[in-house]
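# Structural overview for review
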Amino acid sequence: MKTDSQAFREELQGLGISKEALEAVWPKWWSDEADGSVSAQAEMRFSVARRLGLSPKSVIGEHQPEFVWRHDAKFKGLSVYGGDEEAALTSFGIAFGRHLEKGVIKPSKMPEELSDATGVRNAVLGRSSFVSLPDVCAVCWGFGIPVVHLRVFPLSAKNMVAMAVKTIEGFAILVGKDSRFPAPTAFHVAHELGHIAAGHLKEVSALVDLEETIEKPEKDDEEVEADEYALELLTGQRNPNLQFDKPPKNGLELANAVVKAASDRRIEPGTLALCYGYQSNDWKNAYAALNHIYDSKHDVWRFLNLTASKQLDWSEYREDEASYIKAVMGAVDVA
């Protein structure tokens, strides 16, 4: 015979929640003995509901669990998800962002400064040769916007590049797409930052990018605006124009050209390679160049979440909250 907690798990899986997500959000204090306690059952259900973004009332009694933020997100790109899955992704992201917020140090900079991409870029260039992924992350954390890679995803199919979510007092950027190289992720994070800076979350609590925006030929006005913000922050130009005597024959030739040009242009070489792909639509050579630009392949998610681990004030979380956040971030490397 199924226990109440087993039946609850199956009910949540029926909504599309992945087993990995359920393991991450399930309270660490839970035990078989707790299954027989009405108060423990209620506390467990409320805890899981808060972490998945479910209405607390909907997980008690005979009700069907309901996502709080079912209709409170914009989805950009072609979605392979159904309505329940989109609601699950939206609610999980917003709930996780709100949990993160407790440990985020209040920003030292005024939010209105964020809208000036050139001003932010110039501030970075005062201490760096160009704007790279660590710099973009430093900007976000400096404005009180945490950047975290979701190692645990709420759905079985992980078809999301990144999302920006509105928390109680601010915002968070959650990355879904894995990358071996920093430059693509720098663009993704800067793009989400562009959505936040442009006020695209004024009327909704989440904006989800499901596709590679830099490669997508047809975009709505908000995507164009976020792209231009990201490019201005990373390159100094909203529509960078690269001049070549002749098109590069292969990735190595492109890599050599952008590495040579990086210092003068004050643009990170990998970003320059992506700009070439954006301008020429020659993505094959653009991505091939990344193999030559970087000495070794990186698990970029590790950098994002190790940075987050150092930036978050873990003393602000209860032990069970910290365990949940670390599980979603990939606890193996999170302090």
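Presented here is an overview of the structure given in this document. (Residues numbered from 1 in each chain as written. Predicted model: local features only at pLDDT ≥ 70, side-chain atom pairs only at ≥ 80, totals over all residues. Heavy atoms only, no water.)

### Considering the side chain of Asp320
Our working rule: Helix and strand assignments come from DSSP, with helices taken as H or I runs of at least 4 residues and strands as E runs of at least 2, each series counted from the N terminus. In what follows, residue pairs with any heavy atoms lying within 4.5 Å of each other are defined as contacts.
Mapping Asp320 onto the fold places it in helix α13 (residues 319-329). With sequence-adjacent residues up to four places away left out, Asp320 is seen in contact with Pro27, Lys28, Trp29, Ser47 and Arg51.

### A short note on the nonpolar core
Filter applied, for reference: Within this scheme, the nonpolar core is defined by two criteria: the residues are buried Ala, Val, Leu, Ile, Met, Phe, Trp, Tyr or Cys, and they are joined through side-chain atoms within 4.5 Å. Think of it in three bands: with a 1.4 Å probe and only protein chains considered, a residue is buried below 20% of the maximum accessible area for its type, exposed above 50%, and partly exposed in between.
Membership of the largest hydrophobic core comes to 104 residues, with the highest contact counts inside it found for Leu12, Leu52, Phe96, Val147, Ile173 and Leu193. Sequence-distant contacts of Leu12, defined by excluding residues within four places in its chain, comprise Ile17, Leu22, Trp26, Val48, Leu52, Leu54 and Pro65.

### Quick word on the packing of aromatic side chains
Basically, it comes down to this: Between 30 and 60 degrees the pair is tilted, below 30 it is stacked and above 60 it is edge-to-face, where a pair is any two Phe, Tyr or Trp rings, Trp via its six-membered ring, whose centres lie within 6.5 Å. Lysine and arginine charges are scored as sitting over a ring when NZ or CZ, respectively, is within 6 Å of the ring centre and within 35 degrees of the ring normal.
Enumeration according to the criterion identifies seven aromatic pairs in this entry. A centroid spacing of 5.9 Å and a plane angle of 50 degrees characterise the contact between Phe8 and Trp26, whose relative ring orientation is tilted. With Phe8 in helix α1 (residues 4-13) and Trp26 in the loop between α2 (19-25) and α3 (38-52), this residue pair connects regions lying 18 residues apart in the sequence. Of the residues examined, Trp26 reaches a relative accessible area of 5% and is grouped as buried. Their ring planes at 5 degrees and their centres at 6.5 Å tell us that Phe92 and Phe96 sit as a pair that is stacked. Taken together, the residues span about one helical turn, with Phe92 and Phe96 both in helix α4 (residues 83-101) at a distance of four residues. Per residue, the accessibility class of Phe92 equals that of Phe96, and both read buried. Taken together through their ring pairs, the aromatic side chains of Phe92, Phe96 and Tyr324 make up a single cluster. Above the plane of the ring of Phe8 lies Arg45, whose end atom (NZ or CZ) is 4.3 Å from the centre.

### Overview of the sheet that holds strand β1 (residues 73-76)
Keep this limit in mind: Any two strands are treated as partners once DSSP identifies two or more bridges connecting them. Axes here mean lines fitted to C-alpha atoms, for a helix over just the part in contact, with angles spanning 0 to 180 degrees between N-to-C directions.
The strand order across the open sheet formed by five strands is β1-β5-β3-β4-β2, and the pairing between neighbours is mixed. Each having just a single partner strand, β1 and β2 (147-149) make up the two edges of the open sheet. Averaged over all pairs of adjacent strands, the angle between strand axes in this sheet comes to 15 degrees, irrespective of strand direction. The pairing of strand β3 (residues 162-166) with strand β4 (residues 171-175) spans five bridges and is classified as antiparallel. Residue pairing across strands places Ala162 opposite Val175, the latter belonging to β4. Its contacts with the sheet place helix α7 (residues 182-197) against β2, β3, β4 and β5 (206-209), and it is angled at close to 150 degrees to β4.

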